[in-house]
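Architecture at a glance
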Protein chains: 2
Amino acid sequence: MSNKYVYNFGDGKADGDASMKELLGGKGANLAEMSNMGIPVPPGFTISTEVCNQYYETNGEYLEEVKQQVKQGVEQIEKIMDAKFGDTENPLLLSVRSGAPASMPGMMDTVLNLGLNDTTVQGIIKKSNNERFGWDSYRRFVQMYGDVVMGLKPENKEEEDPFEVIIDQVKEKKGVVNDTDLAADDLKELVKLFKDAIKQKTGEDFPTDPWEQLWGSIGAVFSSWNNPRAVKYRKLNNIPAHWGTAVNVQVMVFGNMGDDCATGVAFTRDPATGENIFYGEYLVNAQGEDVVAGTRTPQPLKASRKTEQSQQALEEIMPEVYQQLEGIQQKLEQHYKDMQDIEFTIQKNHLWMLQTRNGKRTAAAAVRIAVEMEEEGLIDKNTAVMRIKPEQLDQLLHPMFDPKAEKNVIASGLPASPGAATGQIVFHSDEAEEWAANGKDVILVRIETSPEDIGGMDVAKGILTARGGMTSHAAVVARGMGKCCVAGCGELEINYKNKTMKVKGGKTYKEGDWISLEGSQGVVIEGKVPTVQPELSGTFGKLMQWADKIRKLGVRTNADTPKDSTVARNFGAEGIGLCRTEHMFFEGDRIKAVREMILADNVEGRKKALAKLLPYQRDDFYGIFKAMQDLPVTVRTLDPPLHEFLPHDEKGQEEMAREMGISSEEVKERVESLNEFNPMLGHRGCRLGISYPEITEMQTRAIMEAACQLKKEGFNVYPEIMIPLIGTKAELADQKKVVIKVAEQVEKEMDVKVDYKVGTMIEIPRAALTADEVAEEADFFSFGTNDLTQMAFGFSRDDAGKFLMEYQNKEILPDDPFQTLDQKGVGQLVEMGVKKGRSTKADLKIGICGEHGGDPRSIDFCHRVGMDYVSCSPFRVPIARLAAAQAVLVNDK
Amino acid sequence: MSNKYVYNFGDGKADGDASMKELLGGKGANLAEMSNMGIPVPPGFTISTEVCNQYYETNGEYLEEVKQQVKQGVEQIEKIMDAKFGDTENPLLLSVRSGAPASMPGMMDTVLNLGLNDTTVQGIIKKSNNERFGWDSYRRFVQMYGDVVMGLKPENKEEEDPFEVIIDQVKEKKGVVNDTDLAADDLKELVKLFKDAIKQKTGEDFPTDPWEQLWGSIGAVFSSWNNPRAVKYRKLNNIPAHWGTAVNVQVMVFGNMGDDCATGVAFTRDPATGENIFYGEYLVNAQGEDVVAGTRTPQPLKASRKTEQSQQALEEIMPEVYQQLEGIQQKLEQHYKDMQDIEFTIQKNHLWMLQTRNGKRTAAAAVRIAVEMEEEGLIDKNTAVMRIKPEQLDQLLHPMFDPKAEKNVIASGLPASPGAATGQIVFHSDEAEEWAANGKDVILVRIETSPEDIGGMDVAKGILTARGGMTSHAAVVARGMGKCCVAGCGELEINYKNKTMKVKGGKTYKEGDWISLEGSQGVVIEGKVPTVQPELSGTFGKLMQWADKIRKLGVRTNADTPKDSTVARNFGAEGIGLCRTEHMFFEGDRIKAVREMILADNVEGRKKALAKLLPYQRDDFYGIFKAMQDLPVTVRTLDPPLHEFLPHDEKGQEEMAREMGISSEEVKERVESLNEFNPMLGHRGCRLGISYPEITEMQTRAIMEAACQLKKEGFNVYPEIMIPLIGTKAELADQKKVVIKVAEQVEKEMDVKVDYKVGTMIEIPRAALTADEVAEEADFFSFGTNDLTQMAFGFSRDDAGKFLMEYQNKEILPDDPFQTLDQKGVGQLVEMGVKKGRSTKADLKIGICGEHGGDPRSIDFCHRVGMDYVSCSPFRVPIARLAAAQAVLVNDK
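Residues numbered from 1 in each chain as written. Chains lettered and ligands numbered in written order. Predicted model: local features only at pLDDT ≥ 70, side-chain atom pairs only at ≥ 80, totals over all residues. Heavy atoms only, no water.

Considerations on the overall build of chain A
In terms of helices and strands, chain A carries 34 helices and 34 strands. Across its three principal axes, chain A shows a C-alpha extent of roughly 105 × 60 × 60 Å. Looking at chain A residue by residue over its 893 residues, the buried ones come to 60%. Taking all contacts inside chain A whose residues are at least 6 apart in sequence as the whole, residues at least 24 apart take part in 68%. Element-wise, carbon and sulfur atoms account for 47% of the exposed surface of chain A, whose accessible area totals about 35,700 Å². Of note, chain A has its 107 positive side-chain charges centred 2 Å away from the centre of its 137 negative side-chain charges. (Helix = DSSP H or I, 4+ residues; strand = E, 2+ residues; numbered from the N terminus. Buried < 20%, exposed > 50% of the residue type's maximum accessible area, 1.4 Å probe, protein only. Contact = heavy atoms within 4.5 Å. Areas by Shrake-Rupley, 256 points an atom, 1.4 Å probe, with all protein chains shown as cover. Lys, Arg positive; Asp, Glu negative; His and termini not counted. Charge placed at Lys NZ, Arg CZ, Asp CG, Glu CD.)

Describing the relation of the copies chain A and chain B
Once turned by 179 degrees and shifted 0.0 Å along the axis, chain A lies on chain B with an RMSD of 0.3 Å. Taken together, these values place the two copies in the relation of a two-fold axis. Of the C-alpha atoms belonging to chain A, the one lying closest to the rotation axis is found on N678 of chain A, 2.0 Å away. (Least-squares fit on C-alpha atoms with pLDDT ≥ 70 in both.)

What to know about helix α8 (residues 210–224) of chain A
Residues and elements named next belong to chain A. In this model α8 runs 21 Å from its N-terminal to its C-terminal C-alpha over 15 residues, within 8% of the 21 Å that 1.5 Å per residue would give. Three or more residues of α8 are buried, namely P210, Q213, L214, S217, I218, G219, A220, V221, F222 and S224. Near the N-terminus of α8, the side chain that reaches the backbone nitrogen of W211, with its oxygen 3.1 Å away, is that of D209. (Expected span 1.5 Å × (residues − 1). Polar contact = N/O pair within 3.5 Å; in protein donor to acceptor, adjacent residues only side chain to side chain.)

Observations concerning the interface of chain A and chain B
Much of the literature gives interface size as the accessible area that the parts lose upon coming together. On the side of chain B, 50 residues touch chain A, which itself brings 50 residues to the contact. Between chain A and chain B, the buried area comes to about 4,600 Å², and carbon and sulfur atoms account for 53% of it. Sorting the residues of chain A by area buried against chain B places F677, L681 and R766 of chain A first, and these three jointly supply 15% of that buried surface. Put simply, chain A and chain B have four salt bridges between them. Between E773 of chain A and K824 of chain B there is a salt bridge; the shortest N-O distance is 2.9 Å. Our enumeration of links across chain A and chain B arrives at 30 residue pairs in polar contact (both at pLDDT 80 or more). Secondary structure elements with two or more residues in the side of chain A that touches chain B: α24 (664–674), α25 (686–691), α27 (729–750), α28 (765–769), α30 (785–793), α31 (801–809) and α32 (826–840) of chain A. Among the residues forming the side of chain A that touches chain B, the class breakdown is 21 nonpolar, 12 polar and 17 charged. (Buried area = accessible area lost by both parts, 1.4 Å probe. Salt bridge = Lys/Arg side-chain N within 4 Å of Asp/Glu carboxyl O. Nonpolar A, V, L, I, M, F, W, Y, C, P; charged D, E, K, R; others polar.)

Re the layout of surface pockets
Sizing a probe to match a water molecule and rolling it over the atoms shows the empty space that remains. Residues and elements named next belong to chain A. The computed volume of the second largest pocket comes to approximately 440 Å³. Those elements that provide at least two residues to the lining of the second largest pocket are α15 (393–397), β17 (420–426), α18 (473–481) and α20 (562–570). Across the lining of the second largest pocket, the residue classes tally to 14 nonpolar, six polar and five charged. (1 Å grid on protein atoms, 1.4 Å probe; cavity = no way out; pocket = protein on both sides within 12 Å on 5 of 7 lines; lining within 4 Å. Points joined across faces, edges and corners; volume = space filled by probe spheres on them.)

Side note on the pattern of salt bridges
Going through the model one piece at a time under the given rule, you end up with 115 salt bridges over all chains. In this structure, K306 of chain A engages E316 of chain A in a salt bridge whose closest nitrogen and oxygen atoms are separated by 3.1 Å. Highlighted residues: K306 of chain A in the loop between β11 (299–300) and α11 (314–317) and E316 of chain A in helix α11, separated in sequence by 10 residues. Its relative accessible area of 39% is what places E316 of chain A among the partly exposed residues. Its salt-bridge partner being D186 of chain B, residue K174 of chain B comes within 3.3 Å of it at the nearest N-O pair.

Section: the confidence of the model for chain A
The share of residues in chain A with pLDDT of 70 or more is 99%, and the mean pLDDT across the chain is 92. At the level of chain-chain contacts, confidence expressed as ipTM amounts to 0.83, with global pTM at 0.84. (pLDDT = per-residue confidence, 0-100.)

Section: the nonpolar core
Among the nonpolar cores identified, the biggest contains 270 residues, and F625 of chain A together with F625 of chain B are the most heavily contacted of them. When sequence neighbours within four positions are dropped, the list of residues in contact with F625 of chain B reads V633, V635, I703, A706, A707, L710, V717 and P719 of chain B. Judged by nonpolar contacts, the second largest core, of 69 residues, contains Y62, F85, V96 and W225 of chain B. (Core = buried A, V, L, I, M, F, W, Y, C linked by side-chain atoms within 4.5 Å.)

Description of the packing of aromatic side chains
Given two aromatic rings, one states the distance between the centres and the angle between the planes to describe the pair. For the structure shown, the criterion picks out 42 aromatic pairs over all chains. For the ring pair Y55 of chain A and F222 of chain A, a centre distance of 5.4 Å and an interplane angle of 40 degrees mean the geometry is tilted. Residue Y55 of chain A is found in helix α2 (residues 49–57), and its partner F222 of chain A is found in helix α8; the two are separated by 167 residues along the sequence. When sorted by exposure, Y55 of chain A lands in the same class as F222 of chain A, which is buried. Consider the rings of Y145 of chain B and F206 of chain B, whose centres lie 5.7 Å apart with planes at 85 degrees: the pair is edge-to-face. (Phe/Tyr/Trp six-rings, centres within 6.5 Å; stacked < 30°, edge-to-face > 60°.)

Things to note about the sheet that holds strand β29 (residues 632–636) of chain A
All names here are of chain A. Spatially, eight strands are ordered β27-β28-β29-β30-β31-β32-β33-β34 in a closed barrel, and the strand pairing comes out parallel. Averaged over all neighbouring strand pairs, the angle between strand axes comes to 30 degrees, with direction disregarded. In the sheet, strand β27 (residues 554–558) pairs with strand β34 (residues 869–872) via four bridges, with the strands oriented parallel. Bridged to T557 within β34 is C872. (Pairing = 2+ DSSP bridges. Axes fitted to C-alpha atoms, helices over the stretch in contact; angles between N-to-C directions.)

This is the structure in structure tokens:
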């Protein structure tokens with residue numbers, strides 16, 4: 001025998017172990033492990049994932065070796081169980097279950113009670129001394145086999161299972177309500193009717209040969225690896241198709257042979273809170289599916305967990321078996337050193353463990369379990385830190401819907417910014433502000449948002465857009481505000497004029513209607529849904545402290561206001577990595593001065609208008625610097641093209657003309673002359689500062705006056721002035737000269753020195769390619785990976801939504817490159833930028849301030865290329881801290 | 001003496017030679033060379049360019065060494081000439097002239113007759129025995145010194161020179177018309193009046209000390225290196241500011257001492273035609289400036305060149321001097337091995353050579369001279385090929401204005417496509433077609449053009465746009481058509497509604513008005529200007545053959561029609577490097593089918609519409625393949641975003657709605673839904689083919705059906721199907737699969753095999769970064785450096801015009817990166833793409849099809865990185881052939 005494809009287990013030993021998940025799947029590997037540990041598992045064997053791939057390559061054929069090994073596997077079970085597969089007197093019944101390397105709960109198929117036919121059923125009846133049980137097992141098997149292997153289960157969920165239809169007919173005929181009320185004869189009739197239905201629907205007979213049944217079931221499980229449900233699940237969870245599933249064949253154990261039987265599921269700790277208390281449910285005289293189905297109410301395992309007097313804990317009715325289970329669960333947790341999710345069946349007072357695996361848990365539970373296990377000495381701090389998926393922390397930081405509330409999802413979009421929100425629909429930003437001022441909760445609904453909408457976004461409970469991706473304006477700003485946002489919801493047709501929002505093929509909602517948004521899933525829900533605000537526990541703080549000790553990357557935040565700065569600082573931010581000054585341009589009267597500047601024909605006119613902006617900007621910086629005292633604050637000079645500050649609709653233009661005392665023709669002309677074919681690649685960033693140095697001068701003055709003032713008041717401030725959109729060394733040199741000139745002037749005027757730096761964004765491919773030159777002029781680099789991704793891919797983030805989804809579906813792109821840094825392509829530019837930059841200045845300070853700064857996989861990359869810090873929106877700071885620590889644990893020896 | 005700053009020459013020897021242009025300037029180096037050759041030059045010395053830089057560094061101070069060496073230089077002249085600087089009896093007079101390393105004709109200052117004052121003038125009168133000559137020399141000196149050194153020359157050209165005003169007054173008083181009619185006394189009076197004017201305007205006296213005069217003049221020449229005219233000229237001709245100018249101080253020789261004196265300029269061959277015949281003009285009894293001034297008509301040197309009987313050739317009136325000159329010119333040409341531009345003065349029958357340099361010539365002359373010199377054995381073929389600036393050839397290929405015609409330039413823009421055109425203004429493409437159909441010559445004037453304008457552009461004589469850069473739609477298409485185009489003419493305000501074109505601060509022109517365009521200079525001229533069509537000579541063909549033998553790069557063309565293909569082939573194109581299929585989508589009824597496809601909601605609808613396009617496309621390809629038989633033709637699949645095919649104005653939308661039998665609301669909605677924020681980075685290129693594989697299928701079918709048909713007819717065709725805008729290997733794999741599937745189908749249907757290739761554009765930075773992966777799916781790469789430049793720089797070529805000019809003026813960018821490949825940045829991506837591509841496939845065929853494929857400096861780069869070919873617009877093919885040969889000669893040992 002050259003290759004091993006089938007791995008036996010049972011009777012205190014096994015061919016495999018827990019480390020072989022790739023080959024045996026999670027379930028199979030853990031069954032082997034438990035068997036090795038001497039824990040009672042129903043004996044059986046696992047057909048490896050390799051066979052799954054063979055199955056697809058050969059269109060359902062098996063190697064002779066595989067067939068041989070399966071036969072030997074069955075013989076091994078026969079030997080242990082002292083029963084015979086297909087035997088009339090003492091028949092062995094089998095279960096056939098899927099088991100992939102990654103958990104895919106309920107996605108694939110299962111066949112139970114396999115081996116039954118008209119003769120073996122008699123053997124079961126004899127063995128169990130229970131005719132009803134025998135026929136019930138048989139009819140369950142025929143139904144399952146018909147559904148799963150012979151394909152009678154309707155693909156469309158709306159259609160009813162043909163077997164259920166037959167059961168209903170028989171029940172009606174018999175005048176009974178519950179399946180359990182059917183007698184042995186009724187069940188026998190069901191078997192016949194089921195077989196007839198199969199013959200009628202498929203033209204084939206239900207197979208009576210147990211071996212044919214076994215191979216049919218194995219094939220069905222392998223086939224189910226590629227059912228649409230499973231494919232979709234894999235895509236959502238990044239599980240590669242080539243992994244394949246294993247198949248576990250085990251002897252059937254029955255929890256439904258009588259009142260000395262039971263079946264149940266349990267967690268070694270509370271999966272909701274993380275509390276270290278054995279937690280589970282069971283049903284007497286039932287099969288596993290009954291616990292899930294919910295037709296009978298499961299009972300608690302532990303007496304102390306009873307919520308009603310009438311409940312019967314397993315601890316009370318089967319104390320010995322309970323003690324055995326309690327011992328096993330402790331043993332498993334000690335062995336696996338993690339909270340376990342276990343399944344068991346008690347057959348005639350004999351406990352069988354069907355499954356153990358690391359249990360899914362809420363974020364709060366994950367944190368608590370990890371920290372407490374460390375305190376118990378079960379795991380070390382590094383392991384505890386590795387236990388939490390950084391993204392999970394989002395759950396802890398944002399409000400969420402009451403899990404018990406009903407939700408009528410009407411549309412779905414991109415999960416642009418996590419959290420939950422409920423409010424009344426408003427379509428215009430100014431109206432949102434009005435409504436909010438009147439104490440109303442509003443959801444701002446827009447086709448897309450622009451900087452003009454900042455006010456409305458700020459007061460809204462949540463933001464919903466029909467267009468735009470994960471780094472669209474709405475998404476970026478909402479994340480910055482820690483506000484729930486669903487973006488790019490293509491199913492919505494928004495009509496500003498009629499103030500309506502129509503769901504394609506669905507209802508129309510109008511201004512004032514209530515809707516709710518769930519930002520982590522990106523769904524829109526009709527009506528109000530109550531929200532709850534999670535609380536940060538002490539264990540969270542402890543875990544974060546451990547992470548901080550491990551990580552090498554600094555974690556800063558992207559914040560534009562003192563409020564955001566404070567929030568981020570409370571979340572552990574160590575400075576600001578990106579303070580966008582343009583957001584400050586929209587508030588109140590400022591926009592008037594901005595527009596006056598844009599309309600000015602000459603330097604003098606612009607300077608006059610800028611002088612009006614200066615005090616506002618200075619006050620903004622004063623507040624931000626103060627909130628971030630003792631920490632560095634990177635301020636980016638004006639970045640967006642000027643036309644973003646002008647109104648684009650006729651009404652707005654007329655209003656502006658009136659306010660400025662000029663003709664609306666003039667406004668229109670100016671808007672038109674500033675109009676660009678590709679504003680992303682147009683007159684923005686440092687190109688503005690080069691055309692209009694007076695803008696850079698004003699902004700530098702505002703920064704330096706605020707910094708000098710604070711310095712005089714005794715605060716430590718570390719402004720870092722950052723020039724955006726640099727593509728050549730000469731651009732940076734030009735703007736740096738302007739900055740230094742003004743900075744030195746202000747220092748002289750105010751007679752105080754400030755420790756300031758001048759650096760640049762690296763967001764244009766050419767800047768990365770020539771980073772050695774650019775570094776000659778820079779005190780620091782900050783990678784703007786949003787724009788870098790746009791230009792390296794040639795994707796406009798505002799437009800790419802249209803085809804990016806398609807690209808991911810067609811597997812042309814593994815991820816949305818705006819969410820997770822494309823390490824293969826864009827990453828090369830980043831790495832090149834770091835290396836070349838440091839080749840000129842070994843100690844060049846380097847960070848990232850694109851959206852990727854808050855994405856764990858991207859943070860891992862930033863760590864590996866040797867950046868000094870990442871910067872992300874305030875609510876992602878804890879995620880970044882944890883991800884940065886994990887990057888050390890994963891990459892550094 | 002540690003450093004040498006002053007280089008003497010004269011009397012058959014010299015400190016320098018012709019190789020020292022950098023230090024001595026062109027004039028100084030050649031004076032030294034001539035002196036070494038024993039050719040009579042007025043003795044003198046050259047102050048090196050190093051002193052010019054010192055002059056600027058020290059704000060006009062000189063090192064002691066320099067002063068010493070100048071003094072010694074003057075002494076050397078005194079010795080040779082046996083005269084004394086400042087002497088009353090036998091005064092030495094000097095000339096002070098600029099001389100930069102690169103020729104900058106007339107840009108800098110000159111002072112002649114230096115050394116005269118009230119006493120030395122008497123010496124001159126005595127020596128020349130000519131009082132009038134003495135006073136005339138003196139008044140010329142005072143005038144020149146006053147203008148140049150003391151700054152009396154008005155900066156504004158409109159203002160009159162104050163000295164000329166005085167001359168006019170004196171002439172009026174005396175009642176004479178010509179300067180020559182003024183008597184010695186009048187001239188004496190002028191000297192006095194000039195000095196008074198100087199005193200009055202500057203408060204300073206005219207200096208009488210010759211040494212003060214000398215240092216003043218030297219300083220004035222150095223200063224003139226940075227006068228606005230010179231700075232502008234340097235910028236236009238890429239001459240670095242740090243080169244500086246040298247100063248040449250020589251003894252004065254006079255061509256105006258009497259009738260045994262003369263002065264002239266000559267070329268060793270005809271600079272207009274290149275004919276090998278000594279060619280020049282002279283004036284008896286005159287100074288050099290008189291030849292240029294045009295107040296007297298210069299006479300021919302050679303008797304055979306007389307055009308009128310009355311003319312007096314130098315050959316006739318001074319046969320001996322003429323023979324000497326003839327001998328010298330031959331000696332100079334043999335020595336320099338190039339056509340020389342020489343200046344001479346005859347002082348009392350003594351010939352003095354004042355200058356020799358390689359002569360400027362027309363393109364036609366350049367070609368003829370180079371080829372004939374090779375034939376004469378003067379130079380070898382490689383030298384001949386190096387002698388022509390590739391860009392010059394443009395002159396030979398396009399119509400040009402009659403050089404003698406008067407031109408009233410009203411505005412200037414970018415020299416987008418060379419040639420000259422004259423026609424009536426038309427503002428709309430359809431009207432252009434109408435007018436042209438009626439036999440009118442039209443110039444299409446647009447704010448910018450779009451693919452919809454193809455028809456109008458095709459019939460127009462020339463194209464003028466107010467917006468867009470060197471690679472704007474108008475520019476690219478016009479160059480492809482070999483049609484004259486002036487683009488991005490920002491001074492124009494075009495009003496489509498009123499059908500007017502207003503020049504800012506100037507006149508308004510309306511539909512039907514005549515204008516003319518000069519595309520090599522980018523100027524707009526009022527009214528009609530006659531054009532002439534140059535003819536290609538036999539020497540041109542010979543030169544091209546030599547170039548072809550030398551070059552290693554293939555030269556293909558970018559052509560979209562059989563006509564363009566034929567033109568390009570006649571220019572020597574070796575295939576098509578880029579055939580854009582979208583240009584074929586606009587003609588006639590096709591656009592209807594295209595629009596039908598865009599409006600279709602589903603695959604079936606699109607396929608139906610595409611089926612209508614198929615025959616058109618097939619016919620197009622049939623014609624192109626046939627025109628390019630035996631040569632490869634690279635066809636790019638559909639590239640532009642679909643909205644480019646829809647009308648964007650209300651009228652057009654209504655018309656389209658009527659034609660398609662749908663509501664204009666529907667049209668509007670579709671246009672809106674296709675609208676993109678940054679179309680450059682939007683749903684275009686392979687992204688279209690991935691979303692709508694049926695488009696790629698139709699195009700492949702059209703290509704393959706045409707190719708198979710021709711194959712059957714006995715033609716050799718080599719289609720290369722090129723997928724645009726690839727950023728990942730997976731995109732190419734997806735489209736390649738579609739192409740191969742259809743290609744094989746067609747081959748099977750038509751029962752013939754075609755040698756086709758499938759490759760990709762490399763125009764997205766990520767494609768270059770991951771070229772090793774992309775190459776796995778590609779038969780060839782073609783660098784689309786237009787888009788690569790856009791994305792690497794983050795410049796939209798349609799918008800960057802606004803600030804690119806500013807960038808060049810501020811020296812932030814040395815060149816327009818859309819004209820000349822940015823080797824430092826974008827070039828890295830190209831090099832990376834070549835290396836990585838070839839690391840996967842050593843024999844990967846690699847070319848370039850961006851506009852840079854026709855730019856000589858970029859072609860040099862393409863050669864160096866090892867590309868197989870360049871592709872450019874038909875009219876640039878000869879330029880590319882020559883540039884490719886020069887790249888070999890310059891780079892390969």
